[in-house]
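# Close look at the chain arrangement
Here are the chains, one letter per residue:
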Amino acid sequence: MSERTASRAQGSPRGDESAASRPSLSERVQSKLSNAATEHRANAEAKDTRTGRRITKGSAKSPRRARLRLTRIDPWSVMKTSFLLSVAFGVVTFVAVFMVWSVLGAAGVWDSINSTVASVVEGDTNTSDFDVTNYLGMGRVLGFTLLVSIIDVILLTAIATLTAFLYNMAAALLGGIEVTLAEDER
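Residues numbered from 1 in each chain as written. Predicted model: local features only at pLDDT ≥ 70, side-chain atom pairs only at ≥ 80, totals over all residues. Heavy atoms only, no water.

Before going further, it helps to spend a moment on the overall build of the protein. Looking only at helices and strands, one finds seven helices and two strands in the protein. Listing every helix and strand of the protein by position from the N terminus yields α-α-α-β-α-α-α-α-β. Classification of the 186 residues of the protein by burial places 15% in the buried group. (Helix = DSSP H or I, 4+ residues; strand = E, 2+ residues; numbered from the N terminus. Buried < 20%, exposed > 50% of the residue type's maximum accessible area, 1.4 Å probe, protein only.)

In this section: the pattern of salt bridges. Two side chains with opposite charge may pair up if their charged atoms get near one another. Under the counting rule described, the total for this entry stands at four salt bridges. Among the ionic pairs, Glu178 bridges to Arg67, the shortest N-O distance being 2.0 Å. Of this pair, Glu178 sits in strand β2 (residues 177-182) while Arg67 sits in strand β1 (residues 65-70); the two residues are 111 residues apart in sequence, bridging distant segments of the chain. Residue Arg67 is classed as exposed on the basis of its relative accessible area, which comes to 63%. Here Glu178 makes a salt bridge to Arg69, at a shortest N to O gap of 2.9 Å. Placement of the pair is Glu178 in strand β2 and Arg69 in strand β1, with a sequence separation of 109 residues. When salt bridges with common partners are traced through the structure, they connect Arg67, Arg69 and Glu178 into a single cluster. (Salt bridge = Lys/Arg side-chain N within 4 Å of Asp/Glu carboxyl O.)

On to the packing of aromatic side chains, then. Summed over all chains, the structure comprises one aromatic pair. Look at Trp101 and Trp110: their rings are 4.8 Å apart centre to centre, the planes differ by 40°, and that puts the pair in the tilted class. Judged by relative accessible area, Trp101 falls into the buried class, the value being 16%. (Phe/Tyr/Trp six-rings, centres within 6.5 Å; stacked < 30°, edge-to-face > 60°.)

Turning to the packing of helix α4 (residues 75-106) against helix α7 (residues 138-174), a few remarks are in order. At a minimum axis separation of 8 Å, α4 and α7 run at an interaxial angle of 160°. Classed by the angle they form, the pair α4 and α7 counts as roughly antiparallel. Viewed along their axes, α4 and α7 form a crossing whose handedness is right-handed. Split into classes, the residues belonging to the contact of α4 with α7 amount to 19 nonpolar, 10 polar and one charged. (Axes fitted to C-alpha atoms, helices over the stretch in contact; angles between N-to-C directions. Parallel < 35°, antiparallel > 145°, perpendicular 65-115°, else oblique. Left-handed = near helix turned anticlockwise from the far one by under 90°. Nonpolar A, V, L, I, M, F, W, Y, C, P; charged D, E, K, R; others polar.)

Within the secondary structure layout, Phe130 lies in the loop between α5 (109-122) and α6 (132-135). With relative accessibility at 31%, the residue Phe130 sits in the partly exposed group. Each C-alpha atom of the pair Phe130 and Ile113 lies 9.7 Å from the other, and the pair is 17 residues apart in sequence. Apart from the residues lying within four places of it in its own chain, the contact partners of Phe130 are Asn114, Val117 and Tyr135. (Contact = heavy atoms within 4.5 Å.)

Bringing α5 into the picture now. Between the first and last C-alpha of α5 there are 20 Å, a value that for 14 residues agrees with the 20 Å anticipated at 1.5 Å per step. Residues of α5 that are buried sit in contact with α4 and α6. (Expected span 1.5 Å × (residues − 1).)

With 37 residues, α7 should cover 54 Å at 1.5 Å per step; its first-to-last C-alpha distance of 51 Å lies within 8% of that length. Within the span of α7, buried status applies to Val141, Leu142, Thr145, Ser149, Val153, Thr157, Thr161, Ala164, Tyr167, Asn168 and Ala171. Taken together, the buried residues of α7 touch β1, α4 and β2. Phi for Gly175, located one or two positions after α7, is positive at around 105°.

Bear in mind that shape data such as this cannot, by itself, settle questions of function.
Quick look at the structure:
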(Lines give C-alpha, C1' and ligand atoms only; values in the text may rest on other atoms or scores of the structure.)
Protein backbone atom coordinates (compact mmCIF):
# COMPACT_ATOMS: atom_id res chain seq x y z
CA MET A 1 0.00 0.00 0.00
CA SER A 2 1.16 3.54 -0.59
CA GLU A 3 1.70 6.00 2.22
CA ARG A 4 -1.37 8.01 1.26
CA THR A 5 -3.66 4.99 1.31
CA ALA A 6 -2.09 3.74 4.52
CA SER A 7 -2.62 7.09 6.25
CA ARG A 8 -6.30 7.11 5.24
CA ALA A 9 -6.73 3.57 6.42
CA GLN A 10 -5.12 4.37 9.78
CA GLY A 11 -7.33 7.43 10.23
CA SER A 12 -4.61 10.04 10.34
CA PRO A 13 -5.79 13.63 10.70
CA ARG A 14 -4.16 14.68 7.41
CA GLY A 15 -6.05 12.06 5.38
CA ASP A 16 -9.34 12.98 7.04
CA GLU A 17 -8.90 16.70 6.36
CA SER A 18 -8.24 16.26 2.61
CA ALA A 19 -11.13 13.84 2.23
CA ALA A 20 -13.49 16.17 4.09
CA SER A 21 -12.47 19.31 2.19
CA ARG A 22 -12.74 17.74 -1.28
CA PRO A 23 -16.14 16.49 -2.52
CA SER A 24 -16.42 12.97 -3.81
CA LEU A 25 -16.46 12.14 -7.50
CA SER A 26 -20.21 11.54 -7.59
CA GLU A 27 -20.84 14.90 -5.90
CA ARG A 28 -18.61 16.71 -8.43
CA VAL A 29 -20.33 15.02 -11.39
CA GLN A 30 -23.76 15.85 -9.96
CA SER A 31 -22.70 19.48 -9.47
CA LYS A 32 -21.45 19.78 -13.06
CA LEU A 33 -24.64 18.23 -14.44
CA SER A 34 -26.87 20.55 -12.44
CA ASN A 35 -24.83 23.59 -13.56
CA ALA A 36 -25.14 22.48 -17.19
CA ALA A 37 -28.90 21.96 -16.83
CA THR A 38 -29.32 25.39 -15.26
CA GLU A 39 -27.31 27.02 -18.04
CA HIS A 40 -29.34 25.16 -20.67
CA ARG A 41 -32.61 26.37 -19.15
CA ALA A 42 -31.30 29.93 -19.04
CA ASN A 43 -30.35 29.79 -22.71
CA ALA A 44 -33.72 28.32 -23.67
CA GLU A 45 -35.55 31.13 -21.87
CA ALA A 46 -33.43 33.90 -23.40
CA LYS A 47 -35.12 37.07 -24.60
CA ASP A 48 -34.81 38.58 -28.05
CA THR A 49 -32.69 41.72 -27.62
CA ARG A 50 -34.49 43.61 -30.41
CA THR A 51 -38.08 43.04 -29.35
CA GLY A 52 -37.73 42.15 -25.67
CA ARG A 53 -40.01 39.16 -26.18
CA ARG A 54 -39.18 35.74 -24.92
CA ILE A 55 -38.02 33.32 -27.60
CA THR A 56 -39.61 29.91 -27.47
CA LYS A 57 -39.23 26.86 -29.64
CA GLY A 58 -42.60 27.38 -31.26
CA SER A 59 -41.94 30.96 -32.34
CA ALA A 60 -40.88 31.43 -35.94
CA LYS A 61 -37.73 33.47 -36.10
CA SER A 62 -36.19 34.67 -39.31
CA PRO A 63 -32.78 33.33 -40.29
CA ARG A 64 -29.75 35.35 -39.31
CA ARG A 65 -28.20 37.41 -42.07
CA ALA A 66 -24.70 38.76 -42.41
CA ARG A 67 -23.54 41.36 -44.90
CA LEU A 68 -19.94 40.70 -45.86
CA ARG A 69 -17.59 42.26 -48.33
CA LEU A 70 -15.15 40.30 -50.51
CA THR A 71 -12.11 42.55 -50.51
CA ARG A 72 -9.29 40.22 -51.52
CA ILE A 73 -8.82 36.98 -53.43
CA ASP A 74 -5.57 35.11 -52.95
CA PRO A 75 -3.92 34.83 -56.41
CA TRP A 76 -1.92 31.75 -55.42
CA SER A 77 -5.04 29.77 -54.49
CA VAL A 78 -6.77 30.98 -57.66
CA MET A 79 -3.80 29.80 -59.71
CA LYS A 80 -3.78 26.35 -58.09
CA THR A 81 -7.53 25.91 -58.46
CA SER A 82 -7.67 27.15 -62.05
CA PHE A 83 -4.73 24.93 -62.98
CA LEU A 84 -6.45 21.87 -61.56
CA LEU A 85 -9.77 22.68 -63.20
CA SER A 86 -8.18 23.43 -66.57
CA VAL A 87 -6.24 20.14 -66.47
CA ALA A 88 -9.51 18.35 -65.76
CA PHE A 89 -11.12 20.23 -68.66
CA GLY A 90 -8.22 19.20 -70.92
CA VAL A 91 -8.58 15.53 -69.97
CA VAL A 92 -12.33 15.67 -70.57
CA THR A 93 -11.76 17.29 -73.97
CA PHE A 94 -9.19 14.66 -74.98
CA VAL A 95 -11.45 11.77 -73.95
CA ALA A 96 -14.47 13.35 -75.66
CA VAL A 97 -12.59 13.79 -78.95
CA PHE A 98 -11.32 10.20 -78.75
CA MET A 99 -14.82 8.86 -78.16
CA VAL A 100 -16.40 10.96 -80.94
CA TRP A 101 -13.67 9.93 -83.39
CA SER A 102 -14.10 6.26 -82.46
CA VAL A 103 -17.88 6.44 -82.88
CA LEU A 104 -17.51 8.13 -86.26
CA GLY A 105 -15.10 5.41 -87.39
CA ALA A 106 -17.35 2.61 -86.12
CA ALA A 107 -20.37 4.17 -87.83
CA GLY A 108 -18.59 4.06 -91.19
CA VAL A 109 -18.46 7.81 -91.72
CA TRP A 110 -14.87 7.71 -93.04
CA ASP A 111 -15.69 4.98 -95.57
CA SER A 112 -18.71 6.94 -96.73
CA ILE A 113 -16.60 10.09 -97.17
CA ASN A 114 -13.96 8.10 -99.09
CA SER A 115 -16.55 6.66 -101.50
CA THR A 116 -18.20 10.06 -102.00
CA VAL A 117 -14.89 11.76 -102.81
CA ALA A 118 -13.90 8.90 -105.11
CA SER A 119 -17.16 9.13 -107.05
CA VAL A 120 -16.81 12.91 -107.43
CA VAL A 121 -13.14 12.85 -108.47
CA GLU A 122 -12.95 9.72 -110.61
CA GLY A 123 -16.50 9.40 -111.77
CA ASP A 124 -17.55 5.80 -112.54
CA THR A 125 -14.07 4.24 -112.64
CA ASN A 126 -13.66 4.21 -108.82
CA THR A 127 -9.90 3.91 -109.03
CA SER A 128 -9.21 6.75 -106.58
CA ASP A 129 -6.73 6.09 -103.80
CA PHE A 130 -8.06 8.98 -101.68
CA ASP A 131 -8.39 8.17 -97.97
CA VAL A 132 -9.66 10.83 -95.58
CA THR A 133 -7.95 9.13 -92.62
CA ASN A 134 -4.59 10.01 -94.17
CA TYR A 135 -5.43 13.65 -93.54
CA LEU A 136 -7.71 13.40 -90.52
CA GLY A 137 -6.51 10.24 -88.82
CA MET A 138 -7.04 9.55 -85.15
CA GLY A 139 -3.36 10.10 -84.34
CA ARG A 140 -3.30 13.55 -85.91
CA VAL A 141 -6.60 14.61 -84.37
CA LEU A 142 -5.63 13.41 -80.88
CA GLY A 143 -2.21 15.07 -81.21
CA PHE A 144 -3.87 18.34 -82.16
CA THR A 145 -6.36 17.96 -79.30
CA LEU A 146 -3.51 17.36 -76.84
CA LEU A 147 -1.71 20.47 -78.10
CA VAL A 148 -4.85 22.59 -77.78
CA SER A 149 -5.50 21.19 -74.28
CA ILE A 150 -1.99 22.09 -73.11
CA ILE A 151 -2.33 25.60 -74.50
CA ASP A 152 -5.73 25.92 -72.80
CA VAL A 153 -4.26 24.84 -69.44
CA ILE A 154 -1.57 27.51 -69.68
CA LEU A 155 -3.92 30.26 -70.88
CA LEU A 156 -6.78 29.53 -68.46
CA THR A 157 -4.39 29.41 -65.50
CA ALA A 158 -2.72 32.68 -66.50
CA ILE A 159 -6.03 34.44 -67.20
CA ALA A 160 -7.56 33.34 -63.88
CA THR A 161 -4.50 34.46 -61.92
CA LEU A 162 -4.41 37.78 -63.73
CA THR A 163 -8.11 38.22 -63.03
CA ALA A 164 -7.47 37.69 -59.29
CA PHE A 165 -4.78 40.39 -59.34
CA LEU A 166 -7.08 42.78 -61.22
CA TYR A 167 -9.94 42.09 -58.80
CA ASN A 168 -7.68 42.83 -55.82
CA MET A 169 -6.66 46.15 -57.37
CA ALA A 170 -10.27 47.09 -58.14
CA ALA A 171 -11.41 46.03 -54.67
CA ALA A 172 -8.72 48.22 -53.10
CA LEU A 173 -10.15 51.20 -54.98
CA LEU A 174 -13.87 50.44 -54.82
CA GLY A 175 -14.25 48.28 -51.72
CA GLY A 176 -15.02 44.88 -53.24
CA ILE A 177 -18.20 42.93 -53.78
CA GLU A 178 -20.81 43.02 -51.02
CA VAL A 179 -22.47 39.69 -50.25
CA THR A 180 -25.39 38.95 -47.93
CA LEU A 181 -25.28 35.50 -46.35
CA ALA A 182 -28.24 33.91 -44.58
CA GLU A 183 -28.47 30.96 -42.23
CA ASP A 184 -30.46 27.92 -43.37
CA GLU A 185 -33.91 27.57 -41.84
CA ARG A 186 -34.33 24.29 -40.02
